[in-house]
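Architecture at a glance
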Amino acid sequence: MADKHLAAGAEPGRRRLLKGLGMLGGALAMGGCPVAHAAPAAQRAEKTADDEDARKQSVDFYGEHQAGILTPQQSSIMLVAFDVLAVNKDDLVRLFKLLTKRIAFLTHGGLAPATPNPQMPPLDSGILGAHIWPDNLTITVSVGSALFDERFGLAAQKPKKLQVMTRFPNDSLDASLCHGDLLLQICANSVDTVVHAVRDIIKHTPDLLSVRWRRDGFIGEHAALSKGKVTPVNLLGFKDGTGNPDSKNQPLMNEVIWVTPGQQEPAWTHGGSYQAVRIIQFHVEFWDRTPLREQENIFGRDKITGAPLGMKHEHDVPDYASDPEGKIIPLDAHMRLANPRTAQTQDSLMMRRGYSYSQGITGSGQLDMGLLFVCYQHDLEKGFIGVQKRLNGEPLEEYIRPIGGGYFFALPGVVDAQHYLAQPLLEA
Ligand SMILES: C=CC1=C(C)c2cc3[nH]c(cc4nc(cc5[nH]c(cc1n2)c(C)c5CCC(=O)O)C(CCC(=O)O)=C4C)c(C)c3C=C
Ligand SMILES: [Fe+2]
């Protein structure tokens, strides 16, 4: 998916990033704390102009693949899983046509519809004002294996590797946070755009969708503004996403992210991708009392630079063959288990799109925060499931508790306005 307003959109982001760094440098040089100083009026005005530019950025909805999979991560996410209330295939077609229409409008933007009759509910929630700006919104639609049960006669069209997520040894899955017929991954530059989008969709589908579970997440502004150049830092304080395959390398994406005709899959799946979602709680109080050296050994990377242990730069490539006993990067380090970088594990590559979440306290009085782990791959078993099996028993497990999520199939893209989401599935 191309960022339509990349030229207009990238510039303010970079300007703001550089300005931010400049302000930080200046404040540090003065020996002060940058956040303690109020921004002068001119800077505040420039920030407002930048925010307005950011609101106008958009990501094309139409294309061979859905947006939100390879799109650089926006700052906010909402994952919403639904049970589908449609009672037959005609209803299901109506649902996907409606979703297509709403997503096409919301991601492109336009005037909020006026309400013709004040005796009726407003047509729009109004939370974005009179003009709905796209704000880099992407809404990625995925379906769960339950959609292929007897209700709609789609069993023969089920993606071959799609299955119900089952428990791994360290999981404490909460049934109320798992699975779903349909999942929306809603991402945008700001939370209000995400909230507006989900309310719009729910308002338009009262007889078709019922919310099953939902989680909100975020990444740091610094990473979000960089359009993928700066790796987000997770709530354990480590850069998370460094090892992702290069999203600009199309042959590689066709090999490891998109389902392609070479696979033994129903034809309608081509251009889609398997999606694994995990809600993973962190024991941050315990983590924050763990020595730095131990934290770094757990991941295999330097906490500040993100470089593999023993190396200098974040994107340096670890050479496991020259460290067969794990003296530099432990054999059970998270990144080494996740990607041993052998010829045999090349097809277990995945595109991770993780977001932090933070929401009050748990029942036992701990800070309730963690990771919304989302990844995409061309083969769920070789990708997420195979990698998670290698990670089972890793030292990181002491600090985490997977509590929810599910497996889904991200639909192929909608090529133009004459088509709708899931059309090749529903008309197969
Ligand atoms: C099954 C897949 C994975 C799960 C679940 C997972 C959980 C998880 N990861 C981190 C933090 C980091 N992960 C990193 C690398 C990494 N993780 C996976 C897969 C899963 N992670 C992969 C495939 C990789 C890439 C390995 C590589 O190619 O070298 C890293 C290192 C930096 C990076 O590459 O992103 C961190 C940090 C947490 C906190 C977490 C769940 C709690
Ligand atoms: Fe990881």
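Computed from a predicted structure; not experimentally measured. Think of each chain on its own: its residues are numbered from 1, step by step along the sequence as written. Chain labels run from A onward and ligand labels from 1 onward, assigned in the order the entries are written. Per-residue local features of the predicted model are confined to residues with pLDDT of at least 70, and side-chain atom pairs are confined, for both listing and counting, to 80 or more; whole-chain, interface and lining totals are unaffected and use all residues. Only hydrogens and water are removed before side-chain values are computed, so all heavy atoms of the structure are retained for them.

Re the UniProt feature "binding site: heme b" (unreviewed entry) in the protein
Inclusion rule: UniProt positions are given in the numbering used here, feature names are shortened, and annotations may be inferred rather than shown by experiment. A simple rule labels every residue: compare its accessible area, found with a 1.4 Å probe on the protein chains alone, to the largest value its type can have, and call it buried under 20%, exposed over 50%, or partly exposed in between. Throughout, a residue-residue contact means that at least one pair of heavy atoms, one from each residue, lies within 4.5 Å. Secondary structure elements follow DSSP: runs of H or I of four or more residues count as helices, runs of E of two or more count as strands, with numbering from the N terminus.
Those places that UniProt annotates as "binding site: heme b" (unreviewed entry) correspond, in this numbering, to H334, N339, P340, R341 and R352. Looking at N339, the relative accessible area reads 17%, which means it is buried. Setting aside residues no more than four positions away along its own chain, N339 makes contact with Y320, T345, L349 and R390. Positionally, R352 belongs in strand 8 (residues 351-352). Filtering out sequence-adjacent residues up to four positions away, R352 remains in contact with Q73, D240, G241, T242, G243, N244, F373, V374 and C375.

Things to note about the site of ligand 1
The following threshold applies: By convention in these notes, a residue is near a molecule or strand provided one of its non-hydrogen atoms lies within 4 Å of it. N or O atoms closer than or at 3.5 Å make up a polar contact, with two conditions inside protein: a donor-capable atom paired with an acceptor-capable one, and, for residues adjacent in sequence, both atoms drawn from side chains.
Residues in close proximity to ligand 1 total 25 residues, the closest being G241, G243, H334, N339 and R352. Within the backbone of G241, one N or O atom sits 2.5 Å away from an oxygen atom of ligand 1. Contacts to ligand 1 include R352, whose side-chain N or O atom sits 2.9 Å from an oxygen atom. Elements represented by at least two residues in the shell around ligand 1 include exactly strand 7 (273-282), helix 9 (334-338), strand 10 (367-377) and helix 10 (381-391).

Describing the packing of aromatic side chains
Note the following rule: Only Phe, Tyr and Trp rings are paired, with Trp represented by its six-membered ring, and only when their centres lie within 6.5 Å; those with planes under 30 degrees apart are stacked, over 60 edge-to-face, the remainder tilted. By definition, being over a ring means that NZ of Lys or CZ of Arg is both within 6 Å of the ring centre and within 35 degrees of the ring normal.
Evaluated as defined, the whole model comprises twelve aromatic pairs. Ring pairs connect the aromatic residues F238, F286, W287, F299 and Y399, which therefore count as one cluster. Positioned over the ring face of W133 is K56, at 5.2 Å from the centre of the ring. Directly above the aromatic system of Y357 lies the positively charged group of R215, at a separation of 4.8 Å from the ring centroid.

Here's the deal with helix 4 (residues 191-204)
The condition that has to hold: For a helix, the expected span equals 1.5 Å multiplied by the number of residues minus one.
Its 14 residues place the ends of helix 4 20 Å apart at the C-alpha level, agreeing with the 20 Å of an ideal helix rising 1.5 Å per residue. Residues of helix 4 that are buried: T193, V194, H196, A197, V198, D200 and I201.

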